[in-house]
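Listed here are the chains, written in short residue letters.
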Amino acid sequence: MRRTMNLLAAVFVVAGLVSVCRPSGAQERTEAPALTVSVVKPVEHQWPETVPASGWLRPWHEAIIASEISGLRITDVLAEVGSVVSKGQVLVQLAQESVRADLLKEEAALETAKANLAKAKSNAERVRKLQGSGALSDEKATEYLITEQTATADVKSAEATLESQRIKLNQTTIVAADDGVITSRSAQLGAVVSSGTELFRLIRQQRIEWQAEVSARYLPRIKEGLTAVILGAGDTRIEGQVRLVGPTVSTDTGRAVVYVTLPAEAHPPVGLYVTGYIELQTTRALAVPESALVFRDGINYLFTVDKDRRVTRVRIEIGRRKAGEVEILSGLDEAASVVKSGGAFLADKALVRIEGEVQ
C-alpha cells in the first residue's frame, strides 16, 4: 500500500512540473507585439553649423522726398503708399504761376543787362580809339571803361539770377530720388509747403535687410557673404547673405547686430521681428527623423530594435535640426535600427512587429 502511494506521489510531482513549465512556453509563443513600427537607419549628412539669430526687418536705405521751395501750393499728388516708383518719376506737382512770372521778369532783366553791355562796349571801343589823341580826358576814358566792366558783371549776375529762377521752376515738380516703394505719404492736395517739408518716404530699390542680433561670442566666426536664413510660418524660409557685421556690442545685452541682405523678390513686411540662423562652416551630422525622438522627464530618447524585434530605449544628445531631421550628438550606434515614430507608446524591451515583414 505504501509503495502504491509513493508511486502516485511521484506521478503527481512529474505532472506538476509539466504543468508549471508548459504555461511559460505557451506564454512565450503567444506574446503579442506591442506595436507595428517602421525602422530607419541613421543617415550621415554634411550640415552647416548654425548661429541662432533674431532681429527686425528694416529698409536697406530709406529716402525722404521733401520740398526744396517754400510758399507754394500742392496742385497734384501722383503717388500713394505702396506705389512702386522709378527714379525721376513725378510724385507731386506744385503751383507754378508765380515762379513762371518771376522767370519772365528775370529774362527781361537779362535782356536789359545785355543791352547796357552792348552800349558800354560801344563807348569803350571809341575810347580806346581816341586814347592818346587828347580829344578825351583820361578821367572820362576811365569812366567809360569801368562802365563796360560793370555792364559785363551785370550780365553775368542777370544770367545767374535767371538760372536760379529756372531751378526754382524745376523744383515745383517733385520727383522720386531713386527706384523704390513708397512707405509713407504726408503730401496733401492744396497744402502750402515749406522748404524741407517731408512729403514721401520710400525704401530705396525695394531692398529689405534683416538686422539680426547674435551673441558676441560668435562674432569672430561671422564674415561677410555667409548665408543667413529667416524662418517664417510653417516651412517658409527666406535666405539672404551677410552684408556687414556691426562693429559694436551692446553693453546691455552682450549682442551685436549683423546686417543681412535679403533677395529683392522676397518683399517681407518691414517692421517684423523674426528669428532664424546664420550658417557657419559645414560639418558632419548623424541624423534621424525628428518623429523618432521621445522626450521624457526633460531627456531625449530613441528606441532601437534588435534582431529579436525587441526595442531598447537609448538616451541621446541632440544638436542641429534641418528639414525634418535632427542631429544625434551622442548615445546612438550608427548601425542601429531606429523606430521612426510611435516611440511614445513603447516600453523598454517591448516586442514589436516591423512594418513590411511577412507574418
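Report on the accompanying structure. (Residues numbered from 1 in each chain as written. Predicted model: local features only at pLDDT ≥ 70, side-chain atom pairs only at ≥ 80, totals over all residues. Heavy atoms only, no water.)

### Some points on the sheet that holds strand β10 (residues 192-193)
Part 1 of the argument: Taken in spatial order, the four strands of this open sheet run β8-β7-β5-β10, and their pairing is antiparallel. Strands at the two margins of the open sheet, each flanked by one partner only, are β8 (173-175) and β10. (Pairing = 2+ DSSP bridges. Helix = DSSP H or I, 4+ residues; strand = E, 2+ residues; numbered from the N terminus.)

### Side note on the packing of helix α2 (residues 97-130) against helix α3 (residues 138-171)
Part 1 of the argument: For the pair α2 and α3, the least separation of the axes is 8 Å and the interaxial angle reads 160 degrees. By the angle class used here, α2 and α3 are roughly antiparallel. At the point where α2 passes α3, the crossing takes the left-handed sense.
Part 2 of the argument: Residues of the contact of α2 with α3, tallied by class, amount to 17 nonpolar, six polar and twelve charged. (Axes fitted to C-alpha atoms, helices over the stretch in contact; angles between N-to-C directions. Parallel < 35°, antiparallel > 145°, perpendicular 65-115°, else oblique. Left-handed = near helix turned anticlockwise from the far one by under 90°. Nonpolar A, V, L, I, M, F, W, Y, C, P; charged D, E, K, R; others polar.)

### A closer look at the pairing of strand β15 (residues 255-261)
Part 1 of the argument: Of the two faces of β15, the one holding A256, V258 and V260 is buried and the one holding R255, V257, Y259 and T261 is not buried anywhere.
Part 2 of the argument: Bridging between strand β12 (residues 208-215) and β15 involves seven bridges; their strand directions are antiparallel. In the sheet register, E213 faces β15, and the bridge partner there is V257.
Part 3 of the argument: Bridging between strand β14 (residues 237-249) and β15 involves five bridges; their strand directions are antiparallel. Within β15, the position partnered with Q241 by the bridge is T261.
Part 4 of the argument: From the end of β14 to the start of β15, which pair antiparallel, there are five residues, and G254 there has a positive phi angle of about 70 degrees. (Buried < 20%, exposed > 50% of the residue type's maximum accessible area, 1.4 Å probe, protein only.)

### A word on the nonpolar core
Part 1 of the argument: Core analysis: the largest hydrophobic core is formed by 29 residues, its most contacted members being I74, L91, V92, L94, L199, F200 and L202.
Part 2 of the argument: Secondary-structure elements contributing two or more residues to this core are β4 (62-66), β5 (72-77), β7 (90-94), α2, α3 and β11 (198-204).
Part 3 of the argument: Per-element tally for this core: the top contributor is α2, with six residues.
Part 4 of the argument: Residues contacting I74, with those up to four places away along its chain left out, are V92, Q93, L94, A187, Q188, L189, G190, A191, V193 and L199.
Part 5 of the argument: Within the second largest apolar cluster, 22 residues are counted, among which are V51, V214, V258 and I278. (Core = buried A, V, L, I, M, F, W, Y, C linked by side-chain atoms within 4.5 Å. Contact = heavy atoms within 4.5 Å.)

### Remarks on the pairing of strand β21 (residues 325-330)
Part 1 of the argument: With three bridges connecting them, strand β16 (residues 273-289) and β21 associate as antiparallel partners. Each bridged residue has a counterpart across the sheet, and for V288 the counterpart in β21 is V326.
Part 2 of the argument: Of the pairings in the sheet, the one linking strand β20 (residues 317-322) to β21 comprises four bridges and is antiparallel in character. Note on β21: the bridge partner recorded for R321 is V326.

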